[in-house]
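Descriptive analysis of the structure
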Amino acid sequence: MADYKIQVETGTAVCAGTLDCISITLAGSRGEGEKRSLDHCGRDFTPGATDKYQIHEKHDLGDIELVRLHKEQFSFFRQDSWFCNQVTVESPAGKIFHFPCYRWIEGYITLELPEGTARLASAEIHNPLLLKQRHNELKERQQTYRWKVYHKGFPRCIDVAGETELDSNVKYSFTKTLNFDLNFGCSLIEIKLKCFYGHKESWTSIEDLRRIFWIHKTDTAEYVSQHWKEDAFFGYQFLNGVDPMLIKRCNKIPENFPVTENMVEDILGVNTNLATELQKGNIFIADYKILEHLPGNKLDGHQQYLAAPLCLLYLSPLDEMIPLAIQINQTPGPENPIFLPSDNEWDWLLAKMWVKSSNFSTHQVLTHFLHTHVFAEVFFIATLRQLPMAHPLYKLLIPHHRYTLEINALAREQLIGKGGYFDKNTAIGVEGLTELITRNMESVTYTSICIADDIQSRGVESLPNFYYRDDGLKIWSAIESYVSGIVDFYYKSEESIQKDQELQAWVWEIFKEGFLKRKSSGVPSSLHTRAELIKYLTMVIFTSSAQHAAVNSGQFDFLAWMPNSPNTMRQPPPKTKGTATLESVLDVLPDVGTTATTMVIVKLLSNEPGDTRPLGTYPDEHFTEEEPKQCIKAFQERLSQISADIESRNKFLPIKYNYLNPKVIENSLSI
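This report concerns the structure included in the present document. (Residues numbered from 1 in each chain as written. Predicted model: local features only at pLDDT ≥ 70, side-chain atom pairs only at ≥ 80, totals over all residues. Heavy atoms only, no water.)

On a plain count of helices and strands, the protein comes out with 20 helices and 18 strands. Over its C-alpha trace the protein gives a radius of gyration of 28 Å, about what one expects of a compact globule, namely 26 Å for 671 residues. When its C-alpha atoms are laid out on the principal axes, the protein stretches across 95 × 55 × 45 Å. Burial status across the protein gives 59% buried among its 671 residues. Within the protein, residue pairs in contact and separated by at least 24 positions form 75% of the contacts whose partners lie at least 6 positions apart. (Helix = DSSP H or I, 4+ residues; strand = E, 2+ residues; numbered from the N terminus. Rg over C-alpha atoms; globule rule 2.2 N^0.38 Å. Buried < 20%, exposed > 50% of the residue type's maximum accessible area, 1.4 Å probe, protein only. Contact = heavy atoms within 4.5 Å.)

If you walk through the whole model with that rule in mind, you get 35 salt bridges. The shortest N-O distance in the salt bridge between Glu115 and Arg119 comes to 3.9 Å. For the pair Glu115 and Arg119, a shared accessibility class is recorded, and that class is buried. The partner of Arg458 in a salt bridge is Asp454, with the nearest N and O atoms 3.0 Å apart. Judged by its relative accessible area of 3%, Arg458 falls in the buried class. Connected via shared salt-bridge partners are Glu115, Arg119, Glu124, Arg134 and Glu502. (Salt bridge = Lys/Arg side-chain N within 4 Å of Asp/Glu carboxyl O.)

Before going further, it helps to spend a moment on the sheet that holds strand 5 (residues 50-57). Pairing in this open sheet of 4 strands is antiparallel, and the strands run 5-1-7-8 from one edge to the other. Where the open sheet ends on each side, the last strands, each with one partner, are strand 5 and strand 8 (96-105). Within this sheet the neighbouring strands show an average axis-to-axis angle of 20°, counted without direction. (Pairing = 2+ DSSP bridges. Axes fitted to C-alpha atoms, helices over the stretch in contact; angles between N-to-C directions.)

The subject of this paragraph is the environment of Gly11. Inspection of the secondary structure assignment puts Gly11 in the loop between strand 1 (2-10) and strand 2 (21-28). Setting aside its immediate chain neighbours within four residues, Gly11 contacts Ala16, Pro47, Gly48, Phe83 and Asn85.

Moving on, we get to the sheet that holds strand 16 (residues 310-315). Spatially, 12-13-16-17-18 is the arrangement adopted by the 5 strands of the open sheet, whose pairing is antiparallel. The outermost strands of the open sheet, each flanked by one partner alone, are strand 12 (248-249) and strand 18 (338-339). Of the strand pairs in this sheet, strand 12 and strand 13 (residues 283-287) are connected by 2 bridges, and their pairing is antiparallel. Residue pairing for strand 13: Arg249 is matched across the bridge by Phe284. In this fold helix 4 (residues 231-240) packs onto strand 13, strand 16 and strand 17 (321-327), with an angle of close to 90° to the strand it touches most, strand 17. Running over the sheet, helix 5 (residues 261-268) touches strand 16, strand 17 and strand 18 and is turned about 160° from strand 17.

This part is about the packing of aromatic side chains. Two descriptors summarise a pair of aromatic rings, namely the distance from one centre to the other and the angle between the planes of the rings. The full count for this structure, using the stated rule, is 24 aromatic pairs. Aromatic pair Tyr172 and Phe180: ring centres 6.0 Å apart, planes at 70°, arrangement edge-to-face. In this pair, the class of Tyr172 matches that of Phe180, namely buried. Ring geometry for Tyr467 versus Tyr657: centroids 6.4 Å apart, planes at 35°, classification tilted. Separated by 190 residues along the polypeptide, Tyr467 in helix 13 (residues 467-490) and Tyr657 in the segment after helix 20 (626-650) bring together distant segments of the chain. Here Tyr467 falls in the buried class, since its relative accessible area comes to 11%. A connected cluster of aromatic rings, assembled from ring pairs, spans Tyr223, Phe233, Tyr236, Tyr467, Phe558, Tyr657 and Tyr659. Positioned above the aromatic ring of Tyr172 is the side chain of Lys176, whose terminal nitrogen or guanidinium carbon lies 5.8 Å from the ring centre. For the cation-ring pair, Arg412 lies above Tyr150, with the distance from its terminal atom to the ring centre recorded as 5.9 Å. (Phe/Tyr/Trp six-rings, centres within 6.5 Å; stacked < 30°, edge-to-face > 60°. Lys NZ or Arg CZ within 6 Å of the ring centre and 35° of its normal.)

On a regular strand, one side chain projects to one face of the sheet and the next to the other, so that they alternate. The side-chain alternation of strand 1 yields one buried face, formed by Ala2, Tyr4, Ile6, Val8 and Thr10, and one unburied face, formed by Asp3, Lys5, Gln7 and Glu9. When strand 1 meets strand 5, the two strands line up antiparallel, connected through 8 bridges. The residue of strand 5 that forms the bridge with Lys5 is Gln54.

A few words now on the pairing of strand 13. Counting buried positions along strand 13 gives 4 out of 5 residues, so the element sits mostly inside the fold. In terms of strand pairing, strand 13 meets strand 16 through 5 bridges, oriented antiparallel. Counterpart to Ala286 in the pairing with strand 16 is Cys311.

A few words on unusual backbone geometry. Even without a glycine there, the phi angle at Tyr102 is positive, about 50°. In this structure, Tyr102 sits in strand 8. The exposure class of Tyr102 is buried, given its relative accessible area of 11%. One non-glycine residue, Asp300, lies in the positive phi region at around 55°. Within the secondary structure, Asp300 sits in the loop between strand 14 (298-299) and strand 15 (302-303).

Taken together, the side chains of Val14, Phe174, Leu178 and Leu182 present a nonpolar region at the surface, about 370 Å² in accessible area. Locating Val14 in the fold gives a position in the loop between strand 1 and strand 2. Under the relative-accessibility criterion, Val14 is labelled partly exposed at 44%. (Patch = residues over 30% accessible without salt bridge, like charges linked within 9 Å, V, L, I, M, F, W, Y side chains within 5 Å. Areas by Shrake-Rupley, 256 points an atom, 1.4 Å probe, with all protein chains shown as cover.)

What follows covers the packing of helix 1 (residues 128-144) against helix 7 (residues 345-386). Between helix 1 and helix 7, the shortest axis-to-axis distance is 7 Å and the interhelical angle comes to 140°. Judged on the interaxial angle alone, helix 7 and helix 1 are oblique. Together, Leu138, Arg141 and Gln142 of helix 1 and Thr383, Leu384, Arg385 and Gln386 of helix 7 make up the contact between the two elements. Here the contact of helix 1 with helix 7 is composed, by residue class, of 2 nonpolar, 3 polar and 2 charged. (Parallel < 35°, antiparallel > 145°, perpendicular 65-115°, else oblique. Nonpolar A, V, L, I, M, F, W, Y, C, P; charged D, E, K, R; others polar.)

What follows concerns the side chain of Glu124. Residue position: Glu124 is located in the loop between strand 9 (110-114) and helix 1. Reaching out from Glu124, the side chain makes a polar contact with the side chain of Arg119 at a distance of 2.3 Å. Here Glu124 is in contact with Arg119, Leu130, Leu131 and Arg134, once residues within four sequence places are set aside. (Polar contact = N/O pair within 3.5 Å; in protein donor to acceptor, adjacent residues only side chain to side chain.)

What follows covers the nonpolar core. Among the nonpolar cores identified, the biggest contains 181 residues, and Ile6, Leu26, Val87 and Trp506 are the most heavily contacted of them. By residue number, the principal contributor to this core is helix 7, which donates 21 residues. Dropping the residues within four chain positions of it, Trp506 is found in contact with Phe379, Ala382, Thr383, Gln386, Leu387, Leu397, Tyr536, Leu537 and Val540. Formed by 18 residues, the second largest nonpolar core is a distinct cluster that contains Phe257, Val264, Leu324 and Ile338. (Core = buried A, V, L, I, M, F, W, Y, C linked by side-chain atoms within 4.5 Å.)

This paragraph deals with the packing of helix 4 against helix 7. As a packed pair, helix 4 and helix 7 sit with axes 12 Å apart at the nearest point and diverge in direction by 10°. Here helix 4 lies roughly parallel to helix 7, going by the angle between them. Residues Asp231, Phe234, Gln237 and Phe238 of helix 4 form the contact with helix 7, whose participating residues are Trp348, Lys352, Val355 and Lys356. For the contact of helix 4 with helix 7, the class distribution of residues is 4 nonpolar, 1 polar and 3 charged.

As structure tokens, then:
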């Protein structure tokens, strides 16, 4: 007779417990045991409980390699879901075996859990039991998580009609759902009580905007409302605003942007000129060519307008990034003048508004939605479909995909779909959004989604006061070090990477479904070395956590004050100078109701609705070996130091840059 001690840990989520009958079967290196009921007098498997049992087998089963959890009906009670954290088995010899689960178990089923030690498939080649478990697990997941073409030219997405059809294991928790709905509902009620919702009239003055600006005001948002007209703050936002991904060093003035020395001499000063500053590397450009000829949306039957500006910027001796010249559309000519800081106040301000309105479109659709939300979803689906739970990379990546499918399904329903926010409140609308993503997918590169490569390719590696770059590179390095420890522990040679068929299938599926097999993107379709694997995994984790935080968390701060980033323009761009006035600018800007709705949306998207896990926080113990646990500990310590450094720096800044503080970065893309 062999006695085994069993511990079963139930999750703490609302309704995590179950009334169903739970039984267990142990499978070890010396054979399988009998199916044993796990039942005490009274109720078992309540939320947060750790239930302990002792079972007796006829003989020693050896090392326990797999457990089967059998969930069956109890009496006349209806089936209810159960969230199992993990199962622990202690053998007669006192050896402990861990079986991580961390998932909802629904229906009357048998679930197989492999022992928690991370293993490549090659380590199980002589173990038919575990090989079969891996195969069956992936087969089931591939049936549950299927690819769908959302639009031609888009990366593929999860094949569900809406978030209600998602599997429970990728949906929001009850707490997160409740907070999300409350946040949205309360904000909507606030603007309705103030009688702003749905109003189509123009604002009567810029200051009138303060009548709705009381909603969830932040220090940064207040700063924006006070400084948004200033040229230095306009330039600052290209570095540390919600879209730090666009600005590039300009080595030569583009032919379609005929800025002359005379135009900018007053701004540059008497001791230099445009040619000299170009040579010094102090001239930068923001080019919105990708928006050229996109169709403008119609709101309530009224045409809205898009532009494709070019904006030249100068790094001044005071280390300020200031705008030198703006051309609102790509083709130069008499009806497309170049606006300058020396123009009258409203001409210059309106030109900057056109740039910021264009930036609203490219940021929301590309920098934010496509490059973080959509790509993170691709990474997640491929992980579920190609990496079994025993694979070390599944254990590494799964915390960084929490809730991603839920928020993206909601986005497709409520934000980017027909009748959603973009359709009803922005100049780009659904048609323009679809075309914009299709265009960008033809040019997106691996370089652009790896921060160090992107910074270098844009020529902004030495810019002063570029906090996104400084903090982002530190976090990338911390993730890279963590990933290196995991990869080096599980992959002892380059050959082990090349022969890992599950890994290669994962990489290929991302290349195929996410980047549409476009070789010119430079995105790998296979991996051959540890260096390649480490970089790739770092990119996946960084994109799904830090990069999303950088381009999402500041939305309310920078976009709530509407004139700083108009979501639509109601009149076409000016064709001549000297015509802009306060009244004409107000007629161009979004109406009252559109402004209010946008404020609600950016407030909702800027705040995690509870149930958060900051970067490096892993309460679900997928790794059971000591070495990866030490890697996690070192990662957390490094993140803690980065956080301390950021907070120390921020004490001396007039506007704090905190979006890449590890304390406020979510582990995964979940809002």
